[in-house]
Amino acid sequence: MDGKKLEYKGEDALKEIEKLTAKAGEVQYDILKEILKRNVETEYLNKFMKGSKDVSEFKSCVPVITYKNIHPYIQRIANGEDSSLITGQPITEMLCSSGTSAGEPKLIPSISEDLDRRTFLYNLTMPIMNQYISGLDEGKAMYLYFVKAEMSLPCGLPFRTVLTSYYKSKHFKCRTRDTFNDFTSPDQAILCNDSNQSMYCQLLAGLVHRDQVMRLGAVFASALLRAISFLERKWVHLCNDIRTGQLDLTIIDPACRSSMISLLSSPNPHLADEIEGICSCPSWKGILCHLWPRAKYIETVVTGSMAQYIPALEYYSAGKLPLVCTMYASSECYFGVNLKPLCDPAEVAFTLLPNMGYFEFLPLAENGTFSMDIDEEEGMLNDRLMDLVNVKVGCYYELVVSTFAGLYRYRIGDVLQVTGFHNQAPQFRFICRRNVVLSVDNDKTNEEDLHRSVTTAKTLLEPYNALLVEYTSYADTSTVPGHYVLFWEIQMIDSATSIDAKQLEECCITVEEELDYVYRQCRSWERTVGPLEIRVVEPGTFEVLMDFFISQGGSINQYKTPRCIKSNTALKLLNSHVLASFCSPRDPKWIPLNE
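Analysis parameters
Residues numbered from 1 in each chain as written. Predicted model: local features only at pLDDT ≥ 70, side-chain atom pairs only at ≥ 80, totals over all residues. Heavy atoms only, no water. Phe/Tyr/Trp six-rings, centres within 6.5 Å; stacked < 30°, edge-to-face > 60°. Helix = DSSP H or I, 4+ residues; strand = E, 2+ residues; numbered from the N terminus. Buried < 20%, exposed > 50% of the residue type's maximum accessible area, 1.4 Å probe, protein only. Lys NZ or Arg CZ within 6 Å of the ring centre and 35° of its normal. Pairing = 2+ DSSP bridges. Domains from an automatic or database assignment. Buried area = accessible area lost by both parts, 1.4 Å probe. Salt bridge = Lys/Arg side-chain N within 4 Å of Asp/Glu carboxyl O. 1 Å grid on protein atoms, 1.4 Å probe; cavity = no way out; pocket = protein on both sides within 12 Å on 5 of 7 lines; lining within 4 Å. Points joined across faces, edges and corners; volume = space filled by probe spheres on them. Nonpolar A, V, L, I, M, F, W, Y, C, P; charged D, E, K, R; others polar. UniProt positions renumbered as here; feature names shortened; annotations may be inferred. Contact = heavy atoms within 4.5 Å. Axes fitted to C-alpha atoms, helices over the stretch in contact; angles between N-to-C directions. Core = buried A, V, L, I, M, F, W, Y, C linked by side-chain atoms within 4.5 Å. Polar contact = N/O pair within 3.5 Å; in protein donor to acceptor, adjacent residues only side chain to side chain.

Student: Is there a simple way to explain the packing of aromatic side chains in this structure?
Tutor: Aromatic ring pairs are described here by two measures, namely the spacing of the ring centres and the angle between the planes. Taken as a whole, this structure holds 25 aromatic pairs when the rule is applied. Residues Tyr484 and Tyr519 carry aromatic rings whose centres are separated by 4.9 Å and whose planes lie at 40° to one another, so their mutual orientation is tilted. With Tyr484 in strand 20 (residues 483-492) and Tyr519 in helix 18 (residues 517-526), this residue pair connects regions lying 35 residues apart in the sequence. Each member of the pair, Tyr484 together with Tyr519, is buried. Members of the aromatic cluster, connected to one another through ring pairs, are Tyr122, Tyr143, Tyr145, Tyr166, Tyr167, Phe172, Phe183 and Tyr334. Over the face of the ring belonging to Tyr67 we find Lys106, whose NZ or CZ atom lies 5.9 Å from the ring centre.

Here you go:
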């Protein structure tokens, strides 16, 4: 992808989407041919293809893999061997996955032109949005972006998150300034390694420009809610800075401090009084609309596990701001865009752009499992793969990607459902991560089933003016039989009300009633799974949990609360904050299929 293709704007960007999707099959074939042309001499591909560049040979000989298969090659490069082990281009950095939904962070190889592809996708989002919302060029975007301090590998390559890579690149720092990418946050605040100083300065900048803000956002919904929580604790300090024109002394990062002092050029007591009047209200319902009255939407990821934050965001926006998911991406590859960004969050579908990588798909059953028990036998999966243009509407697939940077037939781990097509390009709904499951016996609960069950159960809190802030789970096998444990953090909107034990016990059984047939069979008939337990934790517990994972190498940008806890340390942390626990008072309903 050459540099000129980074600058698609307006109608040109929309025409490029049409051009790519109209010939998706051809574009995909050309992408695979180019990947093989550049990389066929690598040690990894040569092992399977013996120097051949033939597409059919690739499909028959190169196996479907997971990270464990390619990790030895990546580790050798990290230790100093040449990039030619897996790619024909120099690897310029290793990207780390979040490490919160799939165990330890992974090293994902990246080459310089990957930044071109990411920038290409970013440049498509505003032309798409402009079709639906006018006037976005009349003000600023208050987007909360964060970097993570990077490490250096033994070979000297940087090891950092994909978003840190982008924000530190010339593609971001030297971007063409126009009215559609005018951010409230100074780049120096975004690039500050201290997340607390960065958050403080970005919120301060957003408040200073509050009358100019046209849209709000963060990468993930959880980061936006963390910002609101931070604002609740710090608004008095922020108002004082605005009132006096003096930056809080806790901001010590030199570049950050310098940029913010320039922003606070003079005292503004009138603005400080306005903000104080809003933030001092007993209820923060609609606080986002009150603080930023010209905002037209919130841009953030609310699909997959992030969907559980939708009620909280709707509360803080009084349901007046659309929640917009613009794109689908991962550390391994950026995939596609949402062509209908104002759709209901539950209906979000991403159109995969065929020039971003070579995409294949493993057919799955509706619950995200294979019809045959060959999950770990990657070599047996080749014949089951489908090309991008041949997937079927309504069917479920796991995404498999091949990249220029050295991943070949690599299982991303995302379960997708085809919702339709845009020209030749399929549109997918993100369902869940395949490797996030609870299991005690024969039961297997995936992320979507767990989220659906919790979503149903948490409605029982509403009559008590209570909000489920966050949740996670784990399978407790220390007892016989083992059982599911959910950690719930509950916020009381009205301090005059309370929830009794009976109601939380009903939440337990409601979750179980919504889980699948096999789980309820194990619970009610086979007795191989014990009663589900909800442990209510102290307010702020999940922020402490996030701080823990970030301290272990995660990124505030990419952090997603793990829906299943694997870390013993994290589990001890959660248990140390438990206020009370409740269990299902009865067995969930289960009827044999032949009755």
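Let's pick the thread back up.
Student: Would you take a moment to explain the pairing of strand 16 (residues 425-433) for this structure?
Tutor: Within a regular strand, side chains alternate between the sheet's two faces. Counting buried positions along strand 16 gives 8 out of 9 residues, so the element sits mostly inside the fold. Sheet topology note: the strand 11 (residues 350-352)/strand 16 ladder contains 2 bridges and is antiparallel. Paired with Thr351 across the bridge in strand 16 is Gln427.

Student: Sorry if this is basic, but what is going on with the domain arrangement of the protein chain here?
Tutor: Interfaces are often sized by the accessible area lost when the parts come together. Per the domain assignment, the segments of the protein chain are domain 1 (10-112 + 328-433), domain 2 (134-295) and domain 3 (436-583). Taking the mean C-alpha position of each, domain 2 and domain 3 sit 32 Å from one another. Counting the surface lost from both domain 2 and domain 3, the interface buries some 1200 Å², and carbon and sulfur atoms represent 52% of this. If you sort the residues of domain 2 by the area they bury against domain 3, Lys148, Phe220 and Arg226 come out on top, with a joint share of 46%. The tally of links from domain 2 across to domain 3 stands at 3 salt bridges. Of all the secondary structure elements, the ones that give two or more residues to the side of domain 2 that touches domain 3 are helix 7 (162-167), strand 6 (213-220) and helix 11 (221-244).

Student: Please clarify how the sheet that holds strand 7 (residues 298-301) should be interpreted in this entry.
Tutor: The pairing of strands in a sheet comes from backbone hydrogen bonds and takes either a parallel or an antiparallel form. An order of 3-6-7-8 is seen for the 4 strands of this open sheet, with the pairing classed as parallel. Each edge of the open sheet carries a strand with a single partner, namely strand 3 (140-144) and strand 8 (323-324). As defined by bridge partners, strand 7 adjoins strand 8 across 2 bridges and the pair is classed as parallel. When the bridges of strand 8 are listed, Glu299 appears paired with Val324.

Student: Help me understand empty space enclosed by the protein in this model?
Tutor: Over the atoms rolls a probe the size of a water molecule, and its path tells where empty space is left. A full pass over the atoms with the stated rule returns 2 cavities of 30 Å³ or more. When its volume is computed, the largest cavity comes out at roughly 150 Å³. Lining the largest cavity are 15 residues; nearest its centre among them are Asp114, Glu332, Cys333, Tyr334 and Met356. Only strand 2 (107-111) and helix 6 (112-130) provide two or more residues apiece to the lining of the largest cavity. The element best represented in the lining of the largest cavity is helix 6, accounting for 3 residues. Residues belonging to the lining of the largest cavity are distributed by class as follows: 7 nonpolar, 4 polar and 4 charged. Within this model, the second largest cavity holds a volume of roughly 90 Å³. If you go around the second largest cavity, the residues you meet are Met142, Leu144, Leu203, Leu216, Gly217, Leu224, Ala227, Ile228, Leu231, Leu288 and Trp292. Listing elements by their share of the lining of the second largest cavity, those giving two or more residues are strand 3, strand 6 and helix 11. Among the elements that line the lining of the second largest cavity, the one with the most residues is helix 11, at 4 residues. Of the residues contributing to the lining of the second largest cavity, the split by class is 10 nonpolar, 1 polar and no charged.

Student: It is not clear to me how the pattern of salt bridges should be interpreted in this structure. Could you clarify?
Tutor: Oppositely charged side chains may form a pair once their charged atoms are brought near each other. Under the definition given, this model contains 29 salt bridges. Through salt bridges with shared partners, a single network forms among Glu34, Arg38, Glu113, Asp114 and Arg117.

Student: Is there a simple way to think about the UniProt feature "domain: GH3 C-terminal" (unreviewed entry) in the protein chain in this case?
Tutor: Taking the UniProt record as the reference, the feature "domain: GH3 C-terminal" (unreviewed entry) is found at residues 448-568. Annotated as residues 448-568, this span is 39% helix and 21% strand, and its ends, taken at the C-alpha atoms, are 24 Å apart.

Student: What should I look at first to understand the sheet that holds strand 5 (residues 158-160) in this one?
Tutor: Pairing is mixed across the open sheet formed by 4 strands, whose spatial order is 2-1-5-4. Both outer strands of the open sheet, strand 2 and strand 4 (151-152), are each paired with one neighbouring strand and no more. Of the strand pairs in this sheet, strand 4 and strand 5 are connected by 2 bridges, and their pairing is antiparallel. Residue pairing in the sheet places Ser152 in a bridge with Pro158 of strand 5. Where helix 5 (residues 67-78) meets the sheet, it contacts strand 1 (91-96) and strand 2, and its direction lies at approximately 65° from that of strand 2. Lying on the sheet, helix 6 is in contact with strand 1 and strand 2; it crosses strand 2 at an angle near 90°.

Student: What am I meant to see in the pairing of strand 12 (residues 358-364) here?
Tutor: With 6 of 7 residues buried, strand 12 lies mostly within the body of the structure. As paired elements, strand 12 and strand 14 (residues 396-402) share 7 bridges and run antiparallel to each other. Following the sheet pairing, Leu364 is matched in strand 14 by Tyr396. In this sheet, strand 13 (residues 386-387) lies alongside strand 12 in antiparallel orientation, the contact comprising 2 bridges. Of the residues in strand 13, the one forming a bridge with Phe361 is Met386.

Student: What should I look at first to understand the nonpolar core in this one?
Tutor: The tendency in soluble globular proteins is for nonpolar side chains to be buried side by side. Core analysis: the biggest nonpolar cluster contains 167 residues, and Ile70, Trp292 and Phe359 have the highest contact counts within it. For this core, the leading source of residues is helix 11, giving 12 residues. Not counting the four nearest positions on each side in its chain, Trp292 is found in contact with Met142, Gly206, Leu207, Arg210, Val213, Leu216 and Leu231. Core analysis: the second largest hydrophobic core is formed by 27 residues, Val454, Tyr484, Ile499 and Phe582 among them.

Student: Teacher, can you tell me more about the environment of Gly88 here?
Tutor: Checked against the element boundaries, Gly88 lands in the loop between helix 5 and strand 1. Among the residues examined, Gly88 registers a relative accessible area of 47% and is labelled partly exposed. Between the alpha carbons of Gly88 and Leu36 there is a distance of 9.6 Å; along the sequence they are 52 residues apart. Ignoring any residue separated from it by four or fewer positions in sequence, one finds Gly88 in contact with Arg38, Asn39 and Thr42.

Student: Could you clarify how one ought to interpret the side chain of Asp449 in this entry?
Tutor: As for its placement among the helices and strands, Asp449 is situated in helix 16 (residues 447-458). Note on Asp449: relative accessible area 11%, which makes it buried. Of note is the side chain of Asp449, whose polar atom sits 3.0 Å from the side chain of Arg452. Those residues in contact with Asp449 that lie beyond four places of it in its chain are Leu515 and Asp516.

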